[in-house]
Amino acid sequence: MFSASQSSKAQFLDKARQAREERRELKERERAAIQIQALVRRFLCRCHLQREIRREVEDFFEANESGSSKRSALSVFRIARKLLFVFNLKEDKERFEKLCRCILNSMDVENEPKVWYVSLALSKDLTLLWIKQIKDILWFCCEFLKQLKPDILQDSKLVNLHLTMLITFTDTSTWKILRGKGETLRPAMNHICANIMGHLNQKGFYSVLQILLTNGLARSRPSLSKGSLTAVFSLALRPVVAAQFSDNLLRSFLIHVMSVPAIMTHLATLTPERLAVIESHELFRKFILFLSREAQCRDVCVCLEGSHTLCLLGNLVYLGSLNDKVLEEETVHFVGVLIHMLSYCQKYVSQKKSNLTHWHPVLGWFSQTVDYGLNESMPLLTKQLQHLWGVHMIRILFSDVLSKKLLENQEMAQLPAQPICPQNSLPMKNLFKRAFQKSASVRNILKPVGGKRVDSAEVQKVCSICVLYQTTLTTLTQIRLQILTGLTYLDDLLPKLWAFICELGPQGGLKLFLECLNNDTEESKRLLAMLMLFCDCSRHLITILDDIEVYEEQISFKLEELVTISSFLNSFVFKMIWDGIVENARGETLELFHSVHGWLMVLYERDCRRRFAPDDHWLRKDLKPSVLFQELDKDKKRAQLLLQYIPHVIPHKNRVLLFRNMVTKEKEKLGLVETSSASPHVTHITIRRSRMLEDGYEQLRQLSQNAMKGVIRVKFVNDLGVDEAGIDQDGVFKEFLEEIIKKVFDPALNLFKTTSGDERLYPSPTSYIHENYLQLFEFVGKMLGKAVYERYDGDISDLGLTLSYDEDVMGQLVCHELVPGGKTIPVTNENKISYIHLMAHFRMHTQIKSQTAALISGFRSIIKPEWIRMFSAPELQRLISGDNAEIDLEDLKKHTVYYGGFHGSHRVIIWLWDILANDFSPEERAMFLKFVTSCSRPPLLGFAYLKPPFSIRCVEVSDDQDTGDTLGSVLRGFFTIRKKEPGGRLPTSSTCFNLLKLPNYSKKSILREKLRYAISMNTGFELS
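Computed from a predicted structure; not experimentally measured.

(A) Up close: the overall build of the chain. For the chain, the helix and strand inventory stands at 44 helices and 13 strands. Here the chain holds 1024 residues, and the buried ones make up 51% of them. Looking at the chain as shown, the accessible area adds up to about 50,500 Å², and 53% of this sits on carbon and sulfur atoms.

(B) Quick peek at the sheet that holds strand β13 (residues 995-999). Across the sheet, 4 strands lie side by side as β10-β11-β13-β12; this open sheet has mixed pairing. Two strands close off the open sheet at either side, each with one partner strand: β10 (897-899) and β12 (988-990). Taking each pair of neighbouring strands and ignoring which way they run, the sheet shows an average axis angle of 25°. Bridge analysis of β10 against strand β11 (residues 951-955) gives 3 bridges, and the strand direction is parallel. By the bridge assignment, Y898 is partnered in β11 with I952.

(C) Spatial organisation of the pairing of strand β4 (residues 682-688). With burial as the criterion, only one face of β4 is covered, namely that bearing T683, I685 and I687; the residues V682, H684, T686 and R688 on the opposite face remain uncovered. Alignment of β4 against strand β5 (residues 711-717), held across 7 bridges, turns out to be parallel. Across the sheet, residue T683 finds its bridge partner in β5, namely I712.

(D) Representation of the pattern of salt bridges within the structure. Applying the stated criterion to the full structure yields 42 salt bridges. E273 is paired through a salt bridge with K226; the nearest N and O atoms lie 3.9 Å apart. Placement of E273 in helix α11 (residues 272-280) and of K226 in helix α8 (residues 226-242) is noted, with a sequence separation of 47 residues between them. Residue classification places E273 among the partly exposed positions, given a relative accessible area of 35%. Here D400 and K461 are joined by a salt bridge, their closest N and O atoms 3.7 Å apart. With D400 in helix α18 (residues 399-402) and K461 in helix α21 (residues 457-475), the pair connects residues that are 61 residues apart, well separated along the chain.

(E) Just the environment of R691, in detail. With respect to the helices and strands, the residue R691 is situated in the loop between β4 and α32 (692-700). On the basis of relative accessibility, which here comes to 37%, the residue R691 falls in the partly exposed class.

(F) Quick look at the layout of surface pockets. Considering only enclosed or pocket space, the second largest pocket measures out at about 1,300 Å³ in volume. Looking at the second largest pocket, it is lined by 41 residues, and the ones nearest its centre are Q346, V467, T471, T474 and E588. Within the residue set of the lining of the second largest pocket, elements represented by two or more residues are α13 (294-322), α15 (331-346), α21, α24 (510-517), α25 (522-544) and α28 (587-609). Here the lining of the second largest pocket takes 9 residues from α15, the largest share from any one element. Taken together, the residues of the lining of the second largest pocket sort by class into 15 nonpolar, 16 polar and 10 charged.

(G) Structural detail: the side chain of T309. With respect to the element layout, T309 can be found in helix α13. The class for T309 is buried, based on a relative accessible area of 1%. Here E305 takes part through its backbone oxygen, which lies 2.5 Å from a polar atom of the side chain of T309.

(H) Spotlight on unusual backbone geometry. Between K947 and the following residue, P948, the backbone shows a cis peptide bond with an omega angle of -10°. Backbone geometry places D616, a non-glycine residue, at a positive phi of 60°. On the basis of relative accessible area, D616 is assigned to the partly exposed category, the value being 48%.

(I) Spotlight on the sheet that holds strand β1 (residues 349-350). Ordered by their spatial adjacency, 3 strands build an open sheet running β1-β3-β2, and the pairing between neighbours is antiparallel. Sheet topology places β1 and β2 (358-360) at the edges, where each strand pairs with a single neighbour. Bridge analysis of β1 against strand β3 (residues 364-366) gives 2 bridges, and the strand direction is antiparallel. Residue pairing in the sheet places V349 in a bridge with F366 of β3.

(J) Just helix α23 (residues 493-502), in detail. The buried count for α23 comes to 10 of 10 residues, which makes it a mostly enclosed element. Residues of α23 that are buried include every one of L493, L494, P495, K496, L497, W498, A499, F500, I501 and C502, and no others.

(K) Summary view of helix α3 (residues 93-108). Here α3 is 16 residues long and its end C-alpha atoms lie 23 Å apart, about the 22 Å a rise of 1.5 Å per residue gives. Where α3 is concerned, the buried positions are R95, F96, E97, L99, C100, C102, I103, L104, S106 and M107.

(L) Local environment of the packing of aromatic side chains. Applying the stated rule across the entire model yields 30 aromatic pairs. With 5.3 Å between their ring centres and 55° between their planes, F87 and F96 make a pair best called tilted. Judged by relative accessible area, which is 15%, F87 ranks as buried. Relative to F287, the ring of F253 has its centre 5.8 Å away and its plane inclined at 20°; by these criteria the two rings are stacked. Here F287 lies in helix α12 (residues 283-291) and F253 lies in helix α9 (residues 247-256), a separation of 34 residues in the sequence. Residue F287 is classed as buried on the basis of its relative accessible area of 1%. Here the aromatic residues W498, F513, F534, F557, F568, F572 and W599 are joined through ring pairs into a cluster of three or more. A cation sits over an aromatic face here: R610 above Y551, 4.4 Å from the ring centre.

(M) Just the confidence of the model for the chain, in detail. Averaged over all residues, the pLDDT of the chain equals 82, while 84% of them reach at least 70. When the elements of the chain are averaged for pLDDT, helix α19 (residues 410-414) gives the smallest value, 35, and α12 the largest, 96. Between residues 408-446, whose pLDDT stays under 50, and residues either more than four places distant or in other chains, the model counts 61 contacts. Counted against residues more than four places away or in other chains, residues 1019-1024, with its pLDDT under 50, gives 20 contacts.

(N) Up close: the pairing of β13. Extensive coverage of β13 is indicated by the burial of 5 of its 5 residues. Where β11 meets β13, 5 bridges bridge the pair, whose relative direction is parallel. Its bridge partner lying in β13, C954 is registered against L998. Two elements, β12 and β13, share 3 bridges in a ladder whose sense is antiparallel. Opposite T988, over in β13, you have K997 as the bridge partner.

(O) Region of interest: the packing of helix α7 (residues 205-217) against α9. Packing of α7 against α9 brings their axes to within 9 Å, and their N-to-C directions diverge by 25°. With respect to their mutual orientation, α7 and α9 come out roughly parallel. Seen along the crossing, α7 lies across α9 with a hand that is right-handed. The segment α7 lies against α9, with Y206, S207 and Q210 engaging L249, S252, F253, I255 and H256. Considering only residue class, the contact of α7 with α9 consists of 4 nonpolar, 4 polar and no charged.

(P) The packing of α9 against α12, seen in detail. Interhelical geometry of α9 versus α12 gives an angle of 100° and a closest axis separation of 11 Å. Classed by the angle they form, the pair α9 and α12 counts as roughly perpendicular. Between α9 and α12, the contacting residues are D247, L250, R251, F253 and L254 on the first element and L283, K286, F287, F290 and L291 on the second. Each residue belonging to the contact of α9 with α12 can be placed in one class, and the counts come to 7 nonpolar, no polar and 3 charged.

(Q) Highlighting the state of the cysteines. For the coordinates displayed, the defined rule picks out 0 disulfides. Here C345 stays free of any disulfide, with the sulfur of C301 as its closest cysteine sulfur at 6.7 Å.

(R) Highlighting the side chain of T170. Within the secondary structure layout, T170 lies in the loop between α5 (153-169) and α6 (186-203). At 2.5 Å, the side chain of T170 and the backbone oxygen of L166 are in polar contact. At 2.7 Å, the side chain of T170 forms a polar contact with the side chain of R238. The contacts of T170, once residues within four sequence positions are left out, are C193, M197, L200, L235 and R238.

Conventions and cut-offs
Residue positions are given per chain, counting from 1 as you read along its sequence in written order. Restriction of local features to residues with pLDDT of at least 70 applies here, the model being predicted, together with a cutoff of 80 or more for giving and counting side-chain atom pairs; totals for whole chains, interfaces and linings are based on all residues. Excluding hydrogens and water, the side-chain values take into account all heavy atoms of the structure. Strands are runs of DSSP state E lasting at least two residues, helices are runs of H or I lasting at least four, and both sets are numbered from the N terminus onward. For every residue, the accessible area obtained with a 1.4 Å probe (protein chains only) is divided by the maximum for its type, and the residue is called buried under 20%, exposed over 50%, and partly exposed between those limits. Accessible areas in this description were obtained via Shrake-Rupley with a 1.4 Å probe; residue shielding takes into account the shown protein chains only. Here a strand pair is declared whenever DSSP counts at least two bridges between the two strands. Working convention: axes come from line fits to C-alpha atoms, limited for helices to the stretch in contact. Angles between N-to-C directions cover 0 to 180 degrees. For this document, the term salt bridge refers to a Lys or Arg side-chain nitrogen within 4 Å of an Asp or Glu carboxyl oxygen. Both cavities and pockets are sets of points on a 1 Å grid over the protein atoms alone; in a cavity a 1.4 Å probe fits but cannot get out, in a pocket the set is open with protein on both sides within 12 Å along at least five of seven lines, and lining residues sit with an atom within 4 Å of a point. Grid points are joined across faces, edges and corners, and a volume is the space filled by probe spheres set on the points. All residues other than Ala, Val, Leu, Ile, Met, Phe, Trp, Tyr, Cys, Pro, Asp, Glu, Lys and Arg, Gly among them, are scored as polar; the first ten of these are nonpolar and the last four charged. Pairs of N or O atoms within 3.5 Å make up the polar contacts considered here, provided that, within protein, one atom can donate a hydrogen while the other can accept it, and that residues adjacent in sequence are counted only when both atoms are side-chain atoms. Multiply 1.5 Å by the residue count of a helix minus one, and that product is the helix's expected span. A pair of aromatic rings is counted whenever rings of Phe, Tyr or Trp (Trp by its six-membered ring) have centres within 6.5 Å, and the orientation is called stacked for planes under 30 degrees apart, edge-to-face for over 60 and tilted otherwise. Two conditions define a charge sitting above a ring: the NZ of Lys or the CZ of Arg must be within 6 Å of the ring centre, and it must be within 35 degrees of the ring normal. Confidence per residue, as judged by the predictor, is encoded in pLDDT with a range of 0 to 100. Whether two residues are in contact is decided by their heavy atoms: any pair within 4.5 Å suffices. Any angle that falls under 35 degrees is termed roughly parallel, while one over 145 is termed roughly antiparallel, one within 65 to 115 roughly perpendicular, and all others oblique. With the far helix as reference, a near helix turned anticlockwise by less than a right angle produces a left-handed crossing, and one turned clockwise produces a right-handed crossing. Count a disulfide wherever a pair of cysteine sulfur atoms falls within 2.5 Å.

Structural data, given as C-alpha cells:
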C-alpha cells in the first residue's frame, strides 16, 4: 500500500512537468512566429521601399535623359542620397553609372552655378552631407574599378567613367565654380579635395589602383588606353605631391604603383609626358633615397614578396636608365638599394624543385608564392632589367674603371700582325719574349703592382658595383647568360677591371685575396665578389670566343694577359686547396672557389687545345710529386682535392705513373696479378678474323666487370677455319683489341661519323639502325677502357661534334624541331642566339644522348671516373692512343735488348737502324713498330716504359723449328757465321714479348727488302 502511494505521486509530478514543458514550448513557438512575421514584414516593407526608391531614381534619370530641363545640383544630391540609401553593387550597377554621368554632366554646364554638383559644397547646411556623399560615391567608383576588366570593351568604357569621377573630385582644376570671382574659394575647395583624398587613402585607394593597373598592364600588350593610364598615374601621384613626398605616401606609391610590372615602360610608350612629370618632381632620386634606408627597403620588400619586388626593381632600373644625372650623383645609393632588393629575392631562390618551391621564369625555383598572373609580363620585365647590364648603364656605373688608360707604346701599335700558326704551333719563342719583356711596348697591366688602398671611396664604390652584378647573377638564374653576355659586351671592361684588381693592396695580386679569405669582414667579402665577377665574366667571354678572336684578334685580353691571369688563378686555387680552405668551405667561399676554378680550367683547356702559355706554365714547382703521392697514400683530403680539381699542377709523366699505380693496386685487390700462391682466372675466346667484331661482341659482352678487367686470351681462326699459330701472352689480345677498335670507329659501320674538315669522330645519330646499338656503344666503351687499363695503345682520335638541322636519314630528309612548333617560327636577329644554343644542344646532347651514355657507361665499367679526371682531353687521347709524336729511334735503340748473338755493333743491327732512319718513311716506321709490338705508336712515356722491353733476336731456323738460343747459335750469330744463306726467309715477331726475330742476312738490301715485305703483310701469325 505504501509503495502504490509513492508510485501515483511520481506519476502526478511527471504529468505536471510535461504540462509545464508544453506550455513553455507553446509560448516559444508563439514568440518565434511573431518574430518571423516581424522579420518578413520588415523584409517585405524594405523590399517595397527599395523598389519604390529605385523606381523613383529610374524615373529621375529617364526624365534627365529626355533633356526637358536641366536638373539642379540639389535634386541630383537628393536622388543620389536615396540611391545610396538602398545601394547594392550588383543590383544598382547601371543606376550608379547614370548617377555618375549625371554628376559629370552637371559639372560641364556653363554659367549655371545651381546646376554644378560641386556648388553644394558652398551650402552651410549641406556641406558636410555633400562631402560624405561624394566620399561614398567615389569609394563605390573604386569598388567597381576593382572588378572591371579593361580588356573587355564595355568594362573599358566604365573604367573611363569611374576614373573621370575620381579625377574630377580629387582636384579643383576643372571646377568652373572657381573661375573669376570664385578664385578666392580655391584654398577652401583644395582643403575639401585633400579631405576626400585622405578618406580614399584610408579606405585602400592605392590597392584599388594597383589592381586596376595590374589587370590592364600585366600582359604582353596593355589593355589600358592612354587616357586611362594617364588618369590612373595622375591619381596615384596626387596624394604624394600633396603630402610633399612624405615617407608614408612614398612607401604606398612604391608598394602599389611602382611594383606593377613594367609600368614605367608602358608610361614611356603610351603617355611619355607622365615620365616628364616624374622627372620634374625628381621622383627617381626620392625613391632611391627613401629605399637607401635599410629598414624602409626591407619593409617594402617584405610587403611585396619576391615576384613584385622584382617588378619594382625593373621599374627602378628603367627609371635609372632615363636619368643619367641622378644615376651618376646617386650611384652608391642606387647600387645599395638594388643589392638589398636582389638579396631579399635571393633568400628564396632555390636550386631545385620541391614541394615548397614554385617556378618563376626569371628567378627559377622560388620558395615564396609566385603570382602566375604576372608571367605574361615577364618579357617586358626582362627588357627593363636588361638596362642594368646594358652598355649605357655599365659605362655610368663602371666609369671609375673604364676611365683608366691601357697604355701601349706607339711602336707596338705599328708592328705588323704576326701570323698565327695552326693547332699547337704558335711561334712560342716570339710570343713568350713579348709576354715577359719589360719594355713599355706591352700594356702596363700584365702584373699585379699594388698601391691602391682598399678602404678608399673609389675601391669601395667599384666593389659595391661588382657585388651588385654578382648578386644579380646568382638571383636572376634564368637569365644568367644574358647578364654575362651584357657584362662582356664592352671589350675594354674586363681588362680594365683586371688592371684595377692588379692595383689593389700594398703589393697587389694573390696575397691580398688570400688574406681576404681568412677575414670575415664586409670589406673582404666585397673584394672577393669583385674577383668572382671578373672570373665569371671572363670565363663566359673566353668560352664564346673562337680561336681567331682569342689568338689573332686578341679581343678583350692580350695573350700576355691570359698568361699572367692564368698564373694568378693557378696559384690562388692551389693555395685554397693546399692551405685547407676548400676542405671546410661553405656558402660564398665555396662559390668563389668554383668561380675561380671554372675560369682557370677554361684557360687550361684552351691552352691544351692550342698553346698560349710557356712550357711548364701550369706546374707548381713548389709541390714535389713524391710529397703529393705520400699524402694520397695517407688519404689526406687536400691531396685528393688537388688531384680532383687541378691535377695539371703535377707533371704529366707523374700523373701517368700515378694512374698506372692505381690500376696495379686495383688488380692486386681483385686478384688479377700472378702470385707465388695463386694464378688469376683466365678467360679464353676464339675469334674468326673474318667476323672479328661479331665474335668479340658476342663473347665479351656477357663478361662481368671483374672478368673484363682480368686476363683474356685470344685464339684467332683464319679464313680457312684453321687455328693460327700464335700463342697469346697478351700480344694476340693486343692485336685483337686494336683491330676491333679500328672496325667500330670506321664511319662505314655507322656507329660513328666524322666531322667535315678535321674528320673527328662523334656518335652517329642514325646508329639506331643496328640491332642492340646501345649495347654496341657500351661494348666500345669497354674496349677503350680495357685498352687504357692494360696500357695498350690504339689509333683513336678525339671525339668531336658538328651542328646540323635537316638530316638525311637513310635517303629521307628529316626535320628536327628544336622547340614545339619550331618549323613555323622564323629565325630573326632577336632569337638567333637562342637558335644557335638550341641547335647545339640538340646535335651535341639530345640526338646522341643515349649513344654517348652507353659508350661512357661501358668505359666507366673498366676505368673509374676519378682516375680520368687527372687528364685533359688531349692527354686522355694520348693515354688511349699512345704518343702521337714520331718514333724516337734513338730512344728505341737505347732501350733495345739483343739475343742470339746480336749486339749493338753487329753488322745486321747497324743495317737495321740505318734502314729505319734513312730508308723507311714515318708510316713504315709505325708499321715496323706495330709488327713487333702490335702497336703503331710509341709508349706514352718512352720506350723505357715498354714492358717487356723491345728485343731483337738472331734466328737460324723457322719459327716452328726454333727451340731458343743455344751456345752454338749465339756464337754463330755473334761472329756472323751462317749455317746457310737465310735470304729466302722473312723476319718474324712475337708481339707478346715485343720481340723481333731477325735472320742473319748477308746483305743490307736483302734485309731492307724482307723487312719491308714482312711489315706490310697482315696475315696474323702465319708469316714465316
